[in-house]
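Residue strings, one per chain:
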2 protein chains.
Amino acid sequence: MADARKGAASPTAEELDPCDVVRSILGRVGDKWSAVVMDELAAGPRRFNELRRLVSPITQRVLTSTLRALEGDGLVTRTVHPTIPPQVEYALTDSGRALHAIIKNVAAWTDAYLGTVHAARSARKDSAG
Amino acid sequence: MADARKGAASPTAEELDPCDVVRSILGRVGDKWSAVVMDELAAGPRRFNELRRLVSPITQRVLTSTLRALEGDGLVTRTVHPTIPPQVEYALTDSGRALHAIIKNVAAWTDAYLGTVHAARSARKDSAG
DNA sequence: CTGGATCCATGTTGATACTG
DNA sequence: CAGTATCAACATGGATCCAG
């Protein structure tokens, strides 16, 4: 990870470099909704509109693209039940669960350093204003 | 973290809700350069242009704002030595080091699931193209 | 119910030039 | 050396309407 900037070395794959993958994963969980979606999914499989209600004021367009991105990285599975009306279930994969555990570590970190962060942000405002 | 959408409850602080802080931290480490900057800083304090060379094709404008953001969250310290020419040293704080450790966990996750991720991405391309 | 398509507001990143 | 200022390009997220 210490050398993410050297770019792609080989043209046969888009991301052979694990560093790039690390960055893309960080970017994924760092986006606005992925983490909370995964957190809801961690409690069990959910259907589309169920998730939509659960993760708040997310729009369906964004929920769709978030889910697609998660699915595209193998973090989430999408199962279509050919019923009327259609029913689609999303669930975390093993890798998704493992990544979710790491996200929980960030939550724990935040819990531990909440005071530090707030102090730093207050100091920032202090010196700025 | 399961209820990040309920918004701010009190007006006296911008982020009393730990969930919001978790999201902001995820957003910070999920941005394009913060993680690699922290990774370089993990090896020891660095000066501005030193970092600039180290983290590759980052522009100084972006390096500056990245560092400012990190400093604003108390993850990094900025020490100015009033010499000629000016010398500024950046270093990880305790919280920064702890967060960096978590980032390393993501790197470990990537190492463990690299095959899964690539398979998922290939399948994605496969069905898309 | 699930989700595609379009249009739009905004934030983030990057290139470049200039300053103490 | 270590930034700041400005402008342009691009990505992200959101609102709304439409369809299987």
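Before any of the text, the structure's been laid out above.
Bear in mind that the values here come from a model prediction, so they are computed numbers and not experimental data.

Peer 1: Which residues make up the protein's contact with DNA strand C, and what values go with them?
Peer 2: Taken together, 20 residues surround DNA strand C, and among them A:Asn49, A:Gln60, A:Arg68, A:Arg78 and B:Lys32 come closest. Taking A:Arg78, its side chain carries an N or O atom lying 2.2 Å from a phosphate oxygen of DNA strand C. Between DNA strand C and B:Arg61 there is a distance of 3.1 Å, counted from a base oxygen to a side-chain nitrogen or oxygen. Contributing elements (two or more residues each) for the surface near DNA strand C: helix H3 (48–54), helix H4 (60–72) and strand E3 (87–92) of chain A together with helix H4 (60–72) of chain B.

Peer 1: Go over the pattern of salt bridges, please, and point to the residues and values.
Peer 2: Evaluated as defined, the whole model comprises 10 salt bridges over all chains. Of the charged contacts in the structure, one is a salt bridge between A:Glu50 and A:Arg46, with a shortest N-O distance of 3.8 Å. Taking relative accessible area as the criterion, A:Glu50 reaches 28% and is therefore assigned partly exposed. In this structure, the salt-bridge partner of A:Arg121 is B:Asp73, at a minimum N-O distance of 2.7 Å. Of this pair, A:Arg121 sits in helix H5 (residues 94–128) while B:Asp73 sits in the loop between H4 and strand E2 (76–81), placing the two residues on different chains. Assigned by exposure class, A:Arg121 and B:Asp73 land together as buried.

Peer 1: Got a sec to walk through the nonpolar core? Specific residues and values, please.
Peer 2: Core analysis: the largest hydrophobic core is formed by 59 residues, its most contacted members being A:Leu67, A:Tyr90, A:Leu99 and B:Leu99. Among residues more than four places away in sequence, those in contact with B:Leu99 are A:Trp109, B:Ile25, B:Val29, B:Met38 and B:Leu75.

Peer 1: Quick rundown of the packing of aromatic side chains? Include the residues and the values.
Peer 2: Throughout the structure, instances matching the rule amount to two aromatic pairs over all chains. Ring centres of B:Trp109 and B:Tyr113 lie 5.2 Å apart, and the angle between their planes is 35 degrees; on these two criteria the pair is classed as tilted. You can see B:Trp109 and its partner B:Tyr113 sitting in helix H5 (residues 94–128), four residues apart, about one turn around the helix. Residue placement shows A:Arg23 over the ring face of B:Trp33; its charged tip is 4.9 Å from the ring centre.

Cut-offs applied
Residues numbered from 1 in each chain as written. Chains lettered and ligands numbered in written order. Predicted model: local features only at pLDDT ≥ 70, side-chain atom pairs only at ≥ 80, totals over all residues. Heavy atoms only, no water. Near = heavy atom within 4 Å. Polar contact = N/O pair within 3.5 Å; in protein donor to acceptor, adjacent residues only side chain to side chain. Helix = DSSP H or I, 4+ residues; strand = E, 2+ residues; numbered from the N terminus. Salt bridge = Lys/Arg side-chain N within 4 Å of Asp/Glu carboxyl O. Buried < 20%, exposed > 50% of the residue type's maximum accessible area, 1.4 Å probe, protein only. Core = buried A, V, L, I, M, F, W, Y, C linked by side-chain atoms within 4.5 Å. Contact = heavy atoms within 4.5 Å. Phe/Tyr/Trp six-rings, centres within 6.5 Å; stacked < 30°, edge-to-face > 60°. Lys NZ or Arg CZ within 6 Å of the ring centre and 35° of its normal.

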